[in-house]
Amino acid sequence: MLIEGDQHHANVLFVRLCLKKINKTHQQNTKHSAQVTTMAGHVPCEEIKVKLILIGEVGVGKTTFAMKSESGLFIPDLQQTIGTSIHSHSCSTAHEGESPSSSVKFVIWDTACSDKYFAPSPMFYRNADAALIMYDVTSAVSLQKAKDFWIERVQHFTPDHTLMALVGHKCDLEGLRQVSTVQGHELADREGLEFFETSAKIDLSVNALFLKLSELLLAHGLEERIKHRDAASKPSICSIS
Ligand SMILES: Nc1nc2c(ncn2[C@@H]2O[C@H](COP(=O)(O)OP(=O)(O)OP(=O)(O)O)[C@@H](O)[C@H]2O)c(=O)[nH]1
Ligand SMILES: [Mg+2]
């Protein structure tokens, strides 16, 4: 028979035993999940930040494209951009089953590209690692403007190493197409640019574009360039003795 004090001790002991068992199970689970993490190859790797600028006529879909790449959402009928907004998109270059070799974070600069007089300032282009010159496949005028103005402008204001791509956007609107894939491709080839066709609405080639860009950037010495840039931007330390 248990008297009151004994009953209390028995209860405490029981609770302790339960806690010990819970802790042990938790430790086993944690150990197991750590192994799974390692086996799945989720080894953390350093993130490389790159500046990507979006250029192209009013209404070609620059902001919608940027928001799609950032959030995965297609947000229709956005207001015309005034000033500059920044978005981001991260991707790793790992293929299925491999551990990520590099992770690239695109800092996406989107701005108003109204016309010659309200065109982006040289600041916008400065230190761009990559530039997307966008046109709307349903507007031949937007391709013509890319050809006559925006490509030249990007070439003029960006560093030599900037990776440039021509992007035919709104490819979901097949019935309204004014620019064929061949026409876009020909212009890109003539100017030495990469070429993509995308749609934010039906999620066509948005992620694939970023993956391809990161592979190209890494293949063309991005990591080395970023290291030099970081080193150059660090303030030098002077010792006063
Ligand atoms: N069908 C279709 N419409 C799109 C797509 N992307 C954008 N749009 C539409 O195109 C219009 C213009 O898109 P915006 O993203 O504002 O274009 P923008 O280039 O940023 O325009 P500005 O800021 O004025 O220079 C909006 O009505 C969008 O909903 C797309 O992939 N498919
Ligand atoms: Mg915009």
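Residues numbered from 1 in each chain as written. Chains lettered and ligands numbered in written order. Predicted model: local features only at pLDDT ≥ 70, side-chain atom pairs only at ≥ 80, totals over all residues.

As named in an unreviewed UniProt entry, the chain is Rab5 GTP-binding protein, putative, taken from Bodo saltans.

The secondary structure content of the chain amounts to seven helices and six strands. When the elements of the chain are put in sequence order from the N terminus, they spell out α-β-α-β-β-α-β-α-β-α-β-α-α. Taking all 241 residues of the chain together, 29% fall into the buried category. Taking all contacts inside the chain whose residues are at least 6 apart in sequence as the whole, residues at least 24 apart take part in 71%. (Helix = DSSP H or I, 4+ residues; strand = E, 2+ residues; numbered from the N terminus. Buried ≥ 20, exposed ≤ 12 C-beta atoms within 10 Å, placed from the backbone. Contact = placed C-beta atoms within 7 Å.)

As a further point, take the site of ligand 1. Neighbouring residues of ligand 1: 21 residues in total, closest G61, K62, T63, T64 and T81. With three residues, helix α2 (residues 62-71) is the largest single contributor of residues to the shell around ligand 1. When grouped by side-chain class, the residues that make up the shell around ligand 1 number eight nonpolar, eight polar and five charged. (Near = placed C-beta within 6 Å. Nonpolar A, V, L, I, M, F, W, Y, C, P; charged D, E, K, R; others polar.)

Moving on: the environment of L209. Mapped onto the fold, L209 is located in helix α6 (residues 206-219). Sequence separation between L209 and S69 is 140 residues; the distance between their C-alpha atoms is 9.9 Å.

Further remarks concern the sheet that holds strand β4 (residues 130-136). The strand order across the open sheet formed by six strands is β2-β3-β1-β4-β5-β6, and the pairing between neighbours is mixed. Of all strands in the sheet, those with a lone pairing partner are β2 (84-92) and β6 (194-197), marking the two edges. If you compare each strand with its neighbour and ignore which way they point, the axes differ by 25 degrees on average. The pairing of strand β5 (residues 163-169) with β6 spans four bridges and is parallel. In the strand pairing of β6, V167 is matched with F196. (Pairing = 2+ DSSP bridges. Axes fitted to C-alpha atoms, helices over the stretch in contact; angles between N-to-C directions.)

This next bit is on the nonpolar core. Within the largest apolar cluster, 44 residues are counted, with the highest numbers of intra-cluster contacts made by L54, I55, A131, I133, M134 and V154. Elements supplying a minimum of two residues to this core: β1 (47-56), α2, β3 (103-111), β4, α4 (140-157), β5, α5 (181-191) and α6. Leave out the neighbours within four places in its chain, and V154 touches I55, Y125, A131, I133 and M164. (Core = buried A, V, L, I, M, F, W, Y, C linked by C-beta atoms within 7 Å.)

Right, let's get into the environment of L78. Mapped onto the secondary structure, L78 falls in the loop between α2 and β2. Between the alpha carbons of L78 and G61 there is a distance of 9.2 Å; along the sequence they are 17 residues apart. Setting aside residues no more than four positions away along its own chain, L78 makes contact with T63 and T64.

We now examine the pairing of β5. For β5, a buried count of six out of seven residues is recorded, marking the element as mostly surrounded by other parts of the structure. The pairing of β4 with β5 spans seven bridges and is parallel. If you follow M134 over to β5, its bridge partner there is V167. Following the chain from β4 across α4 to the adjacent parallel β5, one finds a crossover that is right-handed. (Right-handed = clockwise from strand over helix to strand, strands pointing away.)

Most peptide bonds take the trans configuration, and most residues that are not glycine carry a negative phi. At D77, a position not held by glycine, the phi torsion is positive, near 55 degrees. Tracing the backbone through its elements, the reader meets D77 in the loop between α2 and β2. A positive phi angle, near 60 degrees, is found at N127, a position not held by glycine. One can find N127 in the loop between α3 (122-125) and β4.

This paragraph deals with α6. Between the first and last C-alpha of α6 there are 20 Å, a value that for 14 residues agrees with the 20 Å anticipated at 1.5 Å per step. Looking only at α6, the buried set comprises L209, L213, S214 and L217. What you see down the axis of α6 is that its buried residues fit within an arc of 130 degrees, all on one side. Across α6 from its buried face, at more than 90 degrees, point the exposed residues A208 and A219. (Expected span 1.5 Å × (residues − 1). Arc of directions from axis to C-beta.)

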